[in-house]
Amino acid sequence: MNVIHPTYLIGRGKKRMYVRKDTEPLADRAHLAIATVHGDEMTYIQEALDTNWVTTAGSNITALEELAARTVGVRSAVGLGTGTSALHMCVKLAAEKAYGPGLPGQPCLAGKRVFATDMTFAATVNPAVYEGAELVFIDSERDTWNMDPDALTKAFALYPDTRIVIVANLYGTPARLDRIREVCTAHDAILIEDAAESLGATYLGRQTGTFGDLSAISFNGNKIITGSCGGMLLTDDTEAAAHARKWSTQSREPAAWYQHEEIGYNYRMSNITAGIVRAQFPHLSEHIAQKKAVYMRYKEGLAGLPVTMNPYLADCSEPNFWLSCLLIDEDAMCECTRTATTSSFTPTHGKTCPDEILAALASINAEGRPIWKPMSMQPVFAGNAFVTTSPDSPVDADIFRRGLCLPSDNKLTQEAQMTIIETIKRCFE
Ligand SMILES: *Cc1c(COP(=O)(O)O)cnc(C)c1O
C-alpha cells in the first residue's frame, strides 16, 4: 500500500510513481477556491479611510446590509465579523424563541437537544456547542448530499421535545428545504439555515438564506464572494435582527453611560470588511456563472469514468456551484483505508480512491480536498447521537469514503482544467 501522509494531500510531499512523468505540473496553482478581487474594493475601503469610519459603523455596513437583504430577499441583514459569529447569534435567538430568555452569561442550550446536518464544516455546529447544546447529527440523502428529511423525521420520533434544527447547504447545493421546513413546522421547531457556502443558490425560485427562521452567510476568503472575512445573520424577524445587532456590539442599553442588562459580544463587522463585500456583491452572479462552467466542464470531461458529480435537484434548485465534487462508483474503488490522520491505498488497475486522486492532483500543483468529514465521525463528537435511515451503511460516511472536492476556483482556466481531468482519468488506468 502507498501510505499518504496528510501533508502530502496539500501538496508538500514527493511525487509518486503512479503519477506519470510526462504530466507537467501546472505553472499556476489550481486552487480549491480562493478570493477573486475585482479592483473596485479599494473605492469603498478608501472611502472608509478618508472619512475615518474604520470601525464597526459606517456607510459601507449600512449599504451592505441593505444590499444583502434586498439581494437575498429577507427583511433584515446584520453584518458580523464571521459566518461563525452569525451562526452563534442565530443559535442564541433560536434558544430565546424556543425556551425564553436565559440567565445572563449562562449557556442558553444547556441540556437541550439540537438536530444538525452531520456532513458539514464544523462551524455549522460549534456555536450550538458553545451554548451547551447536545447535538444529534442527521445523516445526508443521496440526491443533494444534504440533511435527509426522512432521517430528520425519524429524529423527531426519537427525541420529540427538540425545538431547534440547523441545516447546511453543502458546497453551494440547496438542501430539500421545503421538506425540512415542513418537518420543522410539524414539530414546532425553529429552523436555522447555514447558507455560508450557498450564497446566491436558489430553491423553488427563492434564495438560500431565506428558508431558515434565522440564517447565516459567510464572506470568508474561500467563499463565493468575500470581505477577507465577515458574515451576516439574515431574517425576516426585524426584532430578532435588532437583538442580534445589540448583542454583537457588547449589549449596550440605550443610556449615556455603558449600561448592561445582558451579556454582550464584540461580533460586529468592520466598515472596512463591509467595503470589500460591498464591492464584491455585484460580481456574485458572475462568480456563480464561472463556478457553474467549471462544474459543467468536469461533468462533461469525466463523463466516461465510473464517477458522478455532486448531485442537485435540477427540477427545483439551482446551486451556486461553489465546489465541484466527485463520487467514485463503488466497483471502481481500490483498496484503501484511513486512520484518524493518515491514509493508505493499493494502486490498482482500473480502480482508484479519493486519496490517490488527491495525491495525483497535488503532484500537478492542483488543490483538491477530501469531502468534509462528517461530525458523527469526529473524535470530539464521539458521544453524540446520529440518526440515519440506513443504519447498516450511513449515506454520509459513504460519501466521505468515496468522494472528493476538485479544484473549483472561478479563475481556473479551461486548459488547466483539461490537465486536471486527464490526471484524474489516469488514476483509473
Ligand atoms: C465557512 C463556513 C462557515 C463559517 O464561516 P466563517 O465566516 O468562516 O466563520 C459556516 N458553515 C459552513 C458550512 C461554512 O462553509
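Refer to the preceding data block for the structure.
Within every chain, residues take consecutive numbers counted from 1 along the sequence as written. pLDDT decides what is reported in this predicted model: residues at 70 or higher carry local features, side-chain atom pairs at 80 or more are listed and counted, and totals for whole chains, interfaces and linings draw on all residues regardless. Neither water nor hydrogens contribute to the side-chain values; these are computed over all heavy atoms in the structure.

A.B. asks: Explain the overall build of the chain residue by residue, including any values.
C.D. replies: Think of it this way: any DSSP run of H or I at least four residues long counts as a helix, any run of E at least two long counts as a strand, and we number them from the N terminus. The helix and strand tally for the chain stands at 13 helices and 18 strands. For this measure, only C-alpha atoms enter the radius of gyration; the expected value for a globule follows 2.2 Å times N^0.38, where N is the number of residues. Its C-alpha radius of gyration of 22 Å places the chain within 12% of the 22 Å reference for a compact globule of 429 residues. Projected onto its principal axes, the C-alpha positions of the chain cover 70 × 55 × 40 Å. Exposed residues in this analysis have more than 50% of their type's maximum accessible area, buried residues have under 20%, and partly exposed residues fall in between, with area computed by a 1.4 Å probe over protein chains only. Relative to its full complement of 429 residues, the chain shows a buried share of 54%. Throughout, a residue-residue contact means that at least one pair of heavy atoms, one from each residue, lies within 4.5 Å. Looking at the chain alone, contacts between residues at least 24 apart form 71% of all its contacts between residues at least 6 apart. Areas reported as accessible are Shrake-Rupley estimates using a 1.4 Å probe. Residue values count occlusion only from the protein chains shown. Carbon together with sulfur atoms contributes 53% to the accessible area of the chain, which is approximately 17700 Å² in total.

A.B. asks: Account for the sheet that holds strand 4 (residues 134–138), naming residues and giving values.
C.D. replies: A pair of strands counts as paired when DSSP detects no fewer than two bridges linking them. Read from one edge of the open sheet, 8 strands run 2-10-9-6-5-3-4-17, paired in mixed fashion. Both outer strands of the open sheet, strand 2 (76–80) and strand 17 (385–387), are each paired with one neighbouring strand and no more. Taken over all neighbouring pairs, the strand axes of this sheet differ in orientation by 20° on average, direction set aside. With 5 bridges joining them, strand 3 (residues 113–117) and strand 4 adopt parallel strand pairing. Among the inter-strand pairings, Ala-116 is bridged to a residue of strand 4, identified as Phe-137. Under this scheme, a helix contributes an axis fitted over its contacting stretch, all axes are lines through C-alpha atoms, and angles between N-to-C directions fall in the 0 to 180 degree range. Here helix 8 (residues 238–248) sits on the sheet and contacts strand 2, strand 9 (214–218) and strand 10 (231–235); the angle it forms with strand 2, its principal contact strand, is near 15°.

A.B. asks: An account of the site of the ligand is requested, with residue identities and associated values reported.
C.D. replies: Proximity is defined per residue: if any heavy atom of the residue lies within 4 Å of a molecule or strand, that residue is considered near it. In the vicinity of the ligand, 15 residues are found, and the nearest of them are Thr-84, Asp-194, Glu-197, Ser-218 and Lys-223. Counted as a polar contact is a pair of N or O atoms within 3.5 Å, where, for protein atoms, one must be capable of donating a hydrogen and the other of accepting one, and residues adjacent in sequence contribute only when both atoms are in side chains. Here an oxygen atom of the ligand and a side-chain polar atom of Glu-197 are 2.5 Å apart. Computed on the free molecule, the ligand has an accessible area of 380 Å², of which 93% lies beneath the protein chains in the complex. At 3 residues, helix 4 (residues 83–99) tops the list of elements feeding residues into the shell around the ligand. Its residues assigned to classes, the shell around the ligand comprises 4 nonpolar, 8 polar and 3 charged. Here the nonpolar group is Ala, Val, Leu, Ile, Met, Phe, Trp, Tyr, Cys and Pro; Asp, Glu, Lys and Arg are the charged ones; every other residue, Gly included, is treated as polar.

A.B. asks: Could you give me a rundown of the state of the cysteines, with the residues and numbers involved?
C.D. replies: Any two cysteine sulfur atoms within 2.5 Å of one another count as a disulfide. Under the definition given, this model contains 0 disulfides. With no disulfide of its own, Cys-90 has Cys-108 as its nearest cysteine by sulfur position, at a separation of 12 Å. For Cys-427, which is in no disulfide, the shortest distance to another cysteine sulfur is to Cys-353 and amounts to 8.6 Å.

A.B. asks: Please set out the side chain of Ser-317 residue by residue, giving values where relevant.
C.D. replies: Tracing the backbone shows Ser-317 in strand 12 (residues 317–318). Residue Ser-317 is classed as buried on the basis of its relative accessible area, which comes to 5%. Excluding residues that lie within four positions of it along the chain, Ser-317 makes contacts with Pro-174, Thr-202, Tyr-203 and Tyr-312.

A.B. asks: Kindly report on helix 4, identifying the contributing residues and their values.
C.D. replies: Given the number of residues in a helix, its expected span is that number minus one, multiplied by 1.5 Å. An ideal rise of 1.5 Å per residue puts 24 Å on 17 residues; helix 4 measures up with 24 Å between its terminal C-alpha atoms. Of all 17 residues that make up helix 4, 13 are buried, and the element is covered over most of its length. Phi turns positive, to about 85°, at Gly-100, one or two residues after helix 4.

A.B. asks: Explain the nonpolar core to me, using residue names and the numbers behind them.
C.D. replies: We define the nonpolar core as a collection of buried residues of types Ala, Val, Leu, Ile, Met, Phe, Trp, Tyr and Cys that are connected through side-chain atoms lying within 4.5 Å of one another. Core analysis: the biggest nonpolar cluster contains 38 residues, and Trp-145, Tyr-171, Leu-199, Phe-219, Phe-281, Leu-323 and Ile-371 have the highest contact counts within it. Elements supplying a minimum of two residues to this core: helix 3 (59–72), strand 10, helix 9 (271–280), helix 10 (284–301), strand 13 (325–328) and helix 12 (395–402). If you tally residues by element for this core, the top one is helix 3, at 6 residues. Apart from the residues lying within four places of it in its own chain, the contact partners of Ile-371 are Met-119, Trp-145, Tyr-171, Cys-325, Ile-399, Phe-400, Gly-403, Leu-404 and Cys-405. Ranked by size, the runner-up nonpolar core spans 33 residues in total, among them Val-78, Ala-98, Leu-109 and Phe-137.

A.B. asks: Tell me about unusual backbone geometry, and please be specific about residues and values.
C.D. replies: For residues besides glycine, phi is generally negative; the peptide bonds are generally trans as well. For Asp-188, which is not glycine, the phi dihedral falls at a positive 55°. Within the fold, Asp-188 resides in the loop between helix 7 (177–186) and strand 6 (190–194). A positive phi angle, close to 80°, is found at Ser-228, a residue other than glycine. Tracing the chain through its elements places Ser-228 in the loop between strand 9 and strand 10.

A.B. asks: With reference to specific residues and values, describe a nonpolar patch on the surface.
C.D. replies: Taken together, Met-42, Leu-49 and Val-54 make up a surface patch of nonpolar side chains, about 250 Å² in accessible area. Here Leu-49 lies in helix 2 (residues 41–50). Excluding any residue in a salt bridge, patches collect residues exceeding 30% relative accessible area, merging like charges within 9 Å and nonpolar Val, Leu, Ile, Met, Phe, Trp and Tyr side chains within 5 Å. Note on definitions: salt bridges are taken to be side-chain nitrogens of Lys or Arg within 4 Å of carboxyl oxygens of Asp or Glu.

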